[in-house]
Amino acid sequence: MSETSRVAFGGRRAVPPNNSNAAEDDLPTLEPQGVVPRGINLQEFLNVTSVHLFKERWDTNKVDHHTDKYENNKLIVRRGQSFYIQIDFNRPYDPRRDLFRVEYVIGRYPQENKGTYIPVPIVSELQSGKWGAKIVMREDRSVRLSVQSSPECIVGKFRMYVAVWTPYGIIRTSRNPETDTYILFNPWCEDDAVYLDNEKEREEYVLNDIGVIFYGEVNDIKTRSWSYGQFEDGILDTCLYVMDRAQMDLSGRGNPIKVSRVGSAMVNAKDDEGVLVGSWDNIYAYGVPPSAWTGSVDILLEYQSSENPVRYGQCWVFAGVFNTFLRCLGIPARIVTNYFSAHDNDANLQMDIFLEEDGNVNSKLTKDSVWNYHCWNEAWMTRPDLPVGFGGWQAVDSTPQENSDGMYRCGPASVQAIKHGHVCFQFDAPFVFAEVNSDLIYITAKKDGTHVVENVDATHIGKLIVTKQIGGDGMMDITDTYKFQEGQEEERLALETALMYGAKKPLNTEGVMKSRSKVDMDFEVENAVLGKDLKLTITFRNNSHNHYTITAYLSANITFYTGVSKAEFKKETFDVTLEPLSFKKEAVLIQAGEYMGQLLEQASLHFFVTARINETRDVLAKQKSTVLTIPELIIKVRGAQVVGSDMTVTVEFTNPLKETLRNVWIHLDGPGITRPMRKMFREIRPSSTVQWEEVCRPWVSGPRKLIASMSSDSLRHVYGELDVQIQRRPSM
């Protein structure tokens, strides 16, 4: 009894789920129709002797389909666009009496109505949007075909067969892995859901294998390069494996909405044994610290080879790996960074900071956190499931933050819908809207149990949203794609629309800002270098004709970049007297010894200043973060920078601290120049320098990047990079 007929539901035969690209069942090489008369040998009819796919990197198939960068010796094409194959027969093909067709099959239980079995008819003319094969050349015993796939075709690795009809049945070529064909999304095809009409954007968001990630703090933006490596050997197979691990039905793999949603769940390991384990506690035993990764390749290849989640990632690592996944499959994608990103647990558009009556922060009541920055991805696609106008860039986030439909994932959410407050449209738009639009509410928790709203900061959250510029390493401000300018009528309308569609805002904060105090307070933190003292200057300005006395409170904390405090390393209370129409500055010295012992890997210090005007009982509150400047790795090269020639790469680091660094790992990566590698140094003493030399042989020409990172027990987030121009190998 066959496997498919064993189970029946409600009188219907149950077809097992077809959710693995890797699983396969061979089609029969012979399908007799009725009884074949004695003496008839089916092999005497037209027979296929060989199939040629023109799959070399320089062949027209790969060049025209923009797949020539993939390190893969199989044919890789993009859907909705024609490609060439050649079939050799045992005798000349005669169209009047010979009938054959090409077949593409994916998965174990192929069905034509599911798109997993595709019989490709021989046609006189190719029709846009449909599968077809047109004979473009007949020569002796060979036939050359122009094959066109559907722009809605499943994305994955197909098995290819050639079937020949005879009066007594079908003869089919046997399974041949050499003819396997990958079909990808096609941003160059107008009928594809991921079509992007700008060539420079396609080159950046699909073909660029090196990116720039922005992190740090809004007033001190830092950058690091990331090797996406979407064309590296084994990465395409790993991306298909990720969808197999998700048990994603093959019939849905032609839909970029479904593929990006599955990807956002699978790049994190929470609840589905996905690619990366997240860790934000500064303890990275049995794994690699998030800051040590230089790119996605090592992470994805380790995930496939070990079949276990890789340790560890934080938001920019999740975003980097997710970007590789999307670009590798052909979906245009980019990483965006949102500075002062609200992690609003109940998406109520409020970040509540609770204060004690003396102005100190009440950490028990304060549950929401403001991340210094948060990285997510945008993927480009049409949204036929939404009203017209909401296609284009979609926010997708693989950092596990909140549960969405039973899994840790986020998106795709239309960026256009978020901007206009249409948070009713799937998927997860209210959460993303809150990340960029929440208000910061300062509330005094009184001893009698009542809560009083003291201050509202409507401009702190979503202060700046950026991505890498097209064709360069600079920064592109895309804040206005997510939100209107603060105070504009459109901004107010977008908020009202979001509230109408169910975004919660429980506290009425209207009018709180109107009763502003006559005293302003602000403070500046000077740019600080790791291991050095720094100064914080608080300015009080009295705009009235009254005399005021102020009691101020400073809290200095070591924080994770997620805004969660690890430890308070300094607190200070001081009194200030303000004469009418005057200002006064108070300077506070932060000594290196106060923060160095407890520093976290992103070297982020958070300062919170609250002040109470004794005469009016008004509370002033301000918070700022600073990221300490960390020493860099220096990369040098010597020798010919030519494809196929040896060149020496040197990575150098000098320890600027007064303590010995122990268990030091240096990682080196350079797509097209070297595979990712790493080296360990047991210790680096204060002021001493270490050097690491490697001989590399580039295999890709053009502008390339060498990227290095360093991590140790007490110092992390140390980077270095070098732009190199690799020349083509001289022709003989």
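Keep in mind that what you see is a predicted model, and the values were worked out from it rather than measured.

Caption draft 1: Inspection of the environment of Leu530 at higher detail. Mapped onto the elements of the fold, Leu530 is located in the loop between strand 29 (519-525) and strand 30 (534-542). A relative accessible area of 6% places Leu530 in the buried class. Linking Leu530 and Thr629, residues 99 residues apart in sequence, is a C-alpha distance of 5.7 Å.

Caption draft 2: Representation of the side chain of Ser712. Positionally, Ser712 belongs in the loop between strand 41 (702-711) and strand 42 (718-726). Among the residues examined, Ser712 registers a relative accessible area of 3% and is labelled buried. Discounting residues that sit within four places of it in the chain, Ser712 has contacts with Leu661, Arg662, Asn663 and Val664.

Caption draft 3: Broad picture of the pairing of strand 38 (residues 661-670). Counting buried positions along strand 38 gives 7 out of 10 residues, so the element sits mostly inside the fold. Taken together, the 5 bridges between strand 38 and strand 41 define a ladder with antiparallel strand orientation. Considered in strand 41, the bridge of Trp665 is made with Ser711.

Caption draft 4: Region of interest: the packing of helix 4 (residues 256-266) against helix 6 (residues 315-329). Running from N to C, helix 4 and helix 6 cross one another at 155 degrees; their axes reach a closest spacing of 10 Å. For the element pair helix 4 / helix 6, the angle class is roughly antiparallel. Both helix 4 and helix 6 take part in a crossing whose hand is right-handed. Here Val259, Ser260, Gly263 and Ser264 of helix 4 lie close against helix 6, whose contacting residues are Phe322, Phe325, Leu326 and Leu329. For the contact of helix 4 with helix 6, the per-class residue count stands at 5 nonpolar, 3 polar and no charged.

Caption draft 5: Structural detail: a negative patch on the surface. Negative charge collects at one region of the surface, where Glu152, Glu190, Asp191 and Asp197 lie side by side. With respect to the helices, strands and loops of the structure, Glu190 is situated in the loop between strand 13 (181-184) and helix 2 (199-207).

Caption draft 6: Spatial organisation of helix 8 (residues 429-437). Among the 9 residues in helix 8, 8 count as buried, and that is most of the element. Of the residues making up helix 8, those classed as buried are Ala429, Phe431, Val432, Phe433, Ala434, Glu435, Val436 and Asn437.

Caption draft 7: Just the sheet that holds strand 38, in detail. Here 4 strands make up an open sheet; going across it, the order is 39-38-41-42 and the pairing antiparallel. Each end of this open sheet is capped by a strand with a single partner; those strands are strand 39 (674-684) and strand 42. In this sheet, adjacent strand axes meet at a mean angle of 15 degrees when their direction is disregarded. In the sheet, strand 41 pairs with strand 42 via 9 bridges, with the strands oriented antiparallel. Residue pairing for strand 42: Lys705 is matched across the bridge by Asp723.

Caption draft 8: Unusual backbone geometry, seen in detail. Residue Pro412 is reached from Gly411 by a cis peptide bond, and omega for that bond is 5 degrees. Tracing the sequence through the fold places Pro412 in strand 24 (residues 410-414). In this model, Gln426 is joined to Phe427 through a cis peptide bond whose omega is 5 degrees. Checked against the element boundaries, Phe427 lands in the loop between helix 7 (415-419) and helix 8. A positive phi angle is found at Asp271, which is not glycine, with a value near 75 degrees. Position of Asp271 relative to the elements: it lies in the loop between helix 4 and strand 16 (276-278).

Caption draft 9: Structural view of the sheet that holds strand 40 (residues 689-696). The 3 strands are arranged 36-37-40 in an open sheet whose pairing can be described as antiparallel. At either margin of the open sheet sits one strand with a lone partner, and together these are strand 36 (634-638) and strand 40. This sheet shows a mean twist of 20 degrees between the axes of neighbouring strands, independent of strand direction.

Caption draft 10: Examining the domain arrangement of the protein more closely. Here the protein is described as being made up of domain 1 (30-184), domain 2 (201-501), domain 3 (519-627) and domain 4 (634-726). Placing the centre of domain 3 and that of domain 4 at their C-alpha centroids yields a distance of 38 Å. Taken together, the contact pairs 5 residues of domain 3 with 5 residues of domain 4. Both sides together, the interface formed by domain 3 and domain 4 hides about 470 Å², and carbon and sulfur atoms give 61% of it. For the pair domain 3 and domain 4, the interface holds 0 salt bridges. Applying the counting rule to domain 3 against domain 4 returns 0 residue pairs in polar contact (both at pLDDT 80 or more). Of the residues contributing to the side of domain 3 that touches domain 4, the split by class is 2 nonpolar, 2 polar and 1 charged.

Caption draft 11: The nonpolar core, seen in detail. Counting residues in each nonpolar core, the largest one holds 79 residues, and the members touching the most others are Ile299, Trp316, Phe325 and Leu329. No other element matches helix 6, which puts 11 residues into this core. In terms of nonpolar packing, the next biggest core, distinct from the first, is built from 58 residues, Ala528, Val588, Ile666 and Val724 among them.

Rules used throughout
Residues numbered from 1 in each chain as written. Predicted model: local features only at pLDDT ≥ 70, side-chain atom pairs only at ≥ 80, totals over all residues. Heavy atoms only, no water. Helix = DSSP H or I, 4+ residues; strand = E, 2+ residues; numbered from the N terminus. Buried < 20%, exposed > 50% of the residue type's maximum accessible area, 1.4 Å probe, protein only. Contact = heavy atoms within 4.5 Å. Pairing = 2+ DSSP bridges. Axes fitted to C-alpha atoms, helices over the stretch in contact; angles between N-to-C directions. Parallel < 35°, antiparallel > 145°, perpendicular 65-115°, else oblique. Left-handed = near helix turned anticlockwise from the far one by under 90°. Nonpolar A, V, L, I, M, F, W, Y, C, P; charged D, E, K, R; others polar. Patch = residues over 30% accessible without salt bridge, like charges linked within 9 Å, V, L, I, M, F, W, Y side chains within 5 Å. Areas by Shrake-Rupley, 256 points an atom, 1.4 Å probe, with all protein chains shown as cover. Salt bridge = Lys/Arg side-chain N within 4 Å of Asp/Glu carboxyl O. Lys, Arg positive; Asp, Glu negative; His and termini not counted. Charge placed at Lys NZ, Arg CZ, Asp CG, Glu CD. Domains from an automatic or database assignment. Buried area = accessible area lost by both parts, 1.4 Å probe. Polar contact = N/O pair within 3.5 Å; in protein donor to acceptor, adjacent residues only side chain to side chain. Core = buried A, V, L, I, M, F, W, Y, C linked by side-chain atoms within 4.5 Å.

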